[in-house]
Amino acid sequence: MKRRTLLAVALLSLVAFVGTAYAVTYITIASGGIGGTYYPLGGVMAEILTKAGIDVKATSRATSASRENCRLVASGRAHIGMSMGSTLYQAYTGTEAFEEDGALPLRILMHMYPAPHHIVTTKGTGITKFEDIIGKKVSVGAPGGGDQVLTNMILEAAGIDPNKDIKKQQLTQPEGVMALKDGNVDVVFWNFATPGSAVLEVAAVRDIVMIPIPQDVVDKVVEKFPFMFPYKIPKGTYPGQEEDVLTVADGNFLAVNKDMDEELAYKLVKTIIENREEIMQSIPQAEHFVPEEASIAIIPVHPGAAKYFKEHGIEVPVE
């Protein structure tokens, strides 16, 4: 009888040990719609995390992107959410689109890649600097779109009235490409990750000129809109671009709930960044998955992620 009891205890202990050793944490990544960058990136990240040997099984789900993702993470219906910085900042502060929600309990896991604002013209226009756009035909982006929202921030900081100081056009990105190629518009404002296919399409048939934003305008934008940050589009990004181009960028972030386990957050960010090369094979934007860029913060960073960045000599804001 005693022997049976000891055997039973031993078996229970073994089961408990095995269960602990192989406990798996299930992670859901809220990505975006099919056709965008978020959706395939979420799939690749889920695959990387699942096979990394960190006892995580991750899946990615299609969503309507930033706004929905912030709400999913805040409510616990997703563990990681992809979001534009402007949306994430509003969710964290409970402003604008999130006034009815109130401030959501979100933290940054990492910054993924920047979406710098592009100001593009062609050599035939004679425009070489920002102030040259006054009086010209300028596309500020489609009505209600993200391009136009960010363009208006920049024009306001520069003291330019889009309804008086320029001949305002409101074109979608494909419309802007055609108009710039055909000479029906002088300048377009676009916002996307580099290299942008719209710019490359114009550059295939026209000599393009990338217009920098003056430093004082950049400073004003960043001061008024904390989710924006200074950014230089590296020389050589586009054909004929011989110098870095100063602009402002909205970021794309991975957000998590503030209550996520610290060790889990640490493992997640470490695994994603250290598998950057593999992710780049599918998603070129993963070239930005390095500690220096991944640590960009517009709201507090999760303590687990902050621990990883600190190991690389980078201090980030933690609440």
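From a predicted model like this one, the values you see are computed outputs, not experimental measurements. (Residues numbered from 1 in each chain as written. Predicted model: local features only at pLDDT ≥ 70, side-chain atom pairs only at ≥ 80, totals over all residues. Heavy atoms only, no water.)

Trainee: Which residues make up the packing of aromatic side chains, and what values do they have?
Mentor: Enumeration over the complete set of coordinates arrives at 5 aromatic pairs. Here tryptophan 190 and phenylalanine 192 contribute two aromatic rings whose centre-to-centre distance is 5.9 Å and whose plane-to-plane angle is 35°, an arrangement assigned as tilted. Neither tryptophan 190 nor phenylalanine 192 differs from the other in exposure class; each is buried. The interplanar angle of 70° and the centroid separation of 5.8 Å between the aromatic rings of tyrosine 308 and phenylalanine 309 together place this pair among those described as edge-to-face. (Phe/Tyr/Trp six-rings, centres within 6.5 Å; stacked < 30°, edge-to-face > 60°. Buried < 20%, exposed > 50% of the residue type's maximum accessible area, 1.4 Å probe, protein only.)

Trainee: Explain the pairing of strand E1 (residues 25-30) residue by residue, including any values.
Mentor: The side chains of a regular strand alternate, first on one face of the sheet and then on the other. Examined bridge by bridge, E1 and strand E2 (residues 56-61) share 6 bridges and lie parallel to one another. By the bridge assignment for E2, isoleucine 27 is matched with alanine 58. Note: E1 against strand E3 (residues 80-84), 2 bridges, orientation parallel. Residue pairing across strands places isoleucine 29 opposite isoleucine 80, the latter belonging to E3. (Pairing = 2+ DSSP bridges. Helix = DSSP H or I, 4+ residues; strand = E, 2+ residues; numbered from the N terminus.)

Trainee: Could you give an account of the environment of valine 245, with specific residues and numbers?
Mentor: If you trace the backbone, valine 245 turns up in strand E10 (residues 245-257). Take valine 245: its relative accessible area is 7%, and that puts it in the buried class. Here the alpha-carbon distance between valine 245 and histidine 118, two residues 127 residues apart in the chain, equals 9.1 Å. Residue contacts for valine 245: discarding those within four places in its chain leaves Met210, Ile211, Pro212, Tyr231, Lys232 and Ile233. (Contact = heavy atoms within 4.5 Å.)

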